[in-house]
Amino acid sequence: MSRLLLAGVLIALCSAPAVADPQVRFGMTFGVDRNIPEAHEFGPMFGVGASAGRFTGELNYSYLSMFDDTTRVHRAGVSLRMDIARFWGRGRQSRAWYGELGAARRTGFWSVNDMDPGMDKSQSELQIGGGYELSGNGGAWQIALRVGFARRDPMLDVACRGMTCPVAMPASTGIAESVMLEWTWLLFRGH
């Protein structure tokens, strides 16, 4: 009986018309990643998504090595944003606090320290964030703090094994965090 009820609810939700407004945003992001402790990540970001009510789904991309000649770090991800509180003013003016969950993939060329050579790497991360949006008649901007969690790079704490240390063995385990501050402008937000 419960499966039949669940199937009925799913069919009802899927058959309801969904109206989503397109959204495009562009800005800058910067921060630090504990998997790349020698680097300070900074660069442009771009997001394309759709919003329906309090929710916004987005595909986003960041190039995080804008001023670093020794690395090439790209981050592509998805996120789901939800307005926690939105306050409306005159006309279409509004302010909002929002929360965000997402996942991303970092790829590129980097080293975990100054001693080891850079290598092509790839890293998955989960993200949680929060931010503030200010919308006016002519446009909108957002500022947000995003925290990412990824597997720690095994070469971060290379340990010497053996008496003369001919081979360095990876020793790192656990989680490495990244913290990114983002400021973006909403170039297009349908209403």
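As shown above, the structure is provided for reference.
A few points on the structure. Small disclaimer: the values here were computed from a predicted structure and weren't measured.

About the criteria used
Residues numbered from 1 in each chain as written. Predicted model: local features only at pLDDT ≥ 70, side-chain atom pairs only at ≥ 80, totals over all residues. Heavy atoms only, no water. Salt bridge = Lys/Arg side-chain N within 4 Å of Asp/Glu carboxyl O. Helix = DSSP H or I, 4+ residues; strand = E, 2+ residues; numbered from the N terminus. Buried < 20%, exposed > 50% of the residue type's maximum accessible area, 1.4 Å probe, protein only. Polar contact = N/O pair within 3.5 Å; in protein donor to acceptor, adjacent residues only side chain to side chain. Contact = heavy atoms within 4.5 Å. Phe/Tyr/Trp six-rings, centres within 6.5 Å; stacked < 30°, edge-to-face > 60°. Core = buried A, V, L, I, M, F, W, Y, C linked by side-chain atoms within 4.5 Å. 1 Å grid on protein atoms, 1.4 Å probe; cavity = no way out; pocket = protein on both sides within 12 Å on 5 of 7 lines; lining within 4 Å. Points joined across faces, edges and corners; volume = space filled by probe spheres on them. Nonpolar A, V, L, I, M, F, W, Y, C, P; charged D, E, K, R; others polar. Pairing = 2+ DSSP bridges.

Considering all chains together, one arrives at 13 salt bridges under this definition. Close ionic contact of aspartate 33 with arginine 106 constitutes a salt bridge, the shortest N to O distance being 3.4 Å. Linking aspartate 33 in strand β1 (residues 21–33) with arginine 106 in strand β5 (residues 94–110), this pair joins segments that are 73 residues apart in sequence. Each member of the pair aspartate 33 and arginine 106 is classed as buried. Aspartate 83 serves as the salt-bridge partner of arginine 86, at 2.8 Å between the closest nitrogen and oxygen.

Relative to the assigned elements, threonine 71 resides in the loop between β3 (55–63) and β4 (72–88). We classify threonine 71 as buried; its relative accessible area is 9%. A polar side-chain atom of threonine 71 sits 3.0 Å from a polar atom in the side chain of serine 65. Only 3.1 Å separates the side chain of threonine 71 from the side chain of aspartate 68, close enough to count as a polar contact. Those residues in contact with threonine 71, other than ones at most four positions away along the chain, are Tyr63, Ser65, Phe109 and Trp110.

So, on to the environment of glycine 89. Residue position: glycine 89 is located in the loop between β4 and β5. For glycine 89, a relative accessible area of 46% translates into the label partly exposed.

A word on the packing of aromatic side chains. Tallied over the full model, the rule gives 5 aromatic pairs. Judged by centre distance (5.3 Å) and plane angle (20°), the rings of phenylalanine 42 and phenylalanine 67 are stacked. Here phenylalanine 42 is found in strand β2 (residues 40–52), whereas its partner phenylalanine 67 is found in the loop between β3 and β4, with 25 residues between them in sequence. Residue classification places phenylalanine 42 among the partly exposed positions, given a relative accessible area of 23%. Taking relative accessible area as the criterion, phenylalanine 67 reaches 65% and is therefore assigned exposed. A ring pair is formed by tryptophan 97 and tyrosine 132, whose centres lie 4.8 Å apart and whose planes are at 55°; its orientation type is tilted.

Counting residues in hydrophobic clusters, the biggest one holds 5 residues: Ile36, Leu64, Val73, Trp110 and Met180. Aside from chain neighbours lying at most four places away, what touches methionine 180 is Thr29, Phe30, Gly31, Val32, Glu41, Leu64, Arg75, Arg106, Ala144, Leu145 and Arg146.

What the second largest pocket holds in volume is close to 160 Å³. Looking at the lining of the second largest pocket, the elements that each hand over two or more residues are β5 and β6 (119–135). With 4 residues, β6 is the single largest residue contributor to the lining of the second largest pocket. Partitioned by chemical class, the residues of the lining of the second largest pocket number 1 nonpolar, 4 polar and 4 charged.

This paragraph deals with the pairing of β5. Two strands pair when backbone bridges link them, and β4 and β5 are joined in this way by 16 bridges, in the antiparallel orientation. Bridging across to β5, arginine 72 finds its partner in phenylalanine 109. Counting the residues in the hairpin turn of β4 and β5 gives 5 residues, including glycine 91, whose phi is positive at 60°. Examined bridge by bridge, β5 and β6 share 17 bridges and lie antiparallel to one another. Following the sheet pairing, arginine 106 is matched in β6 by glutamine 123.

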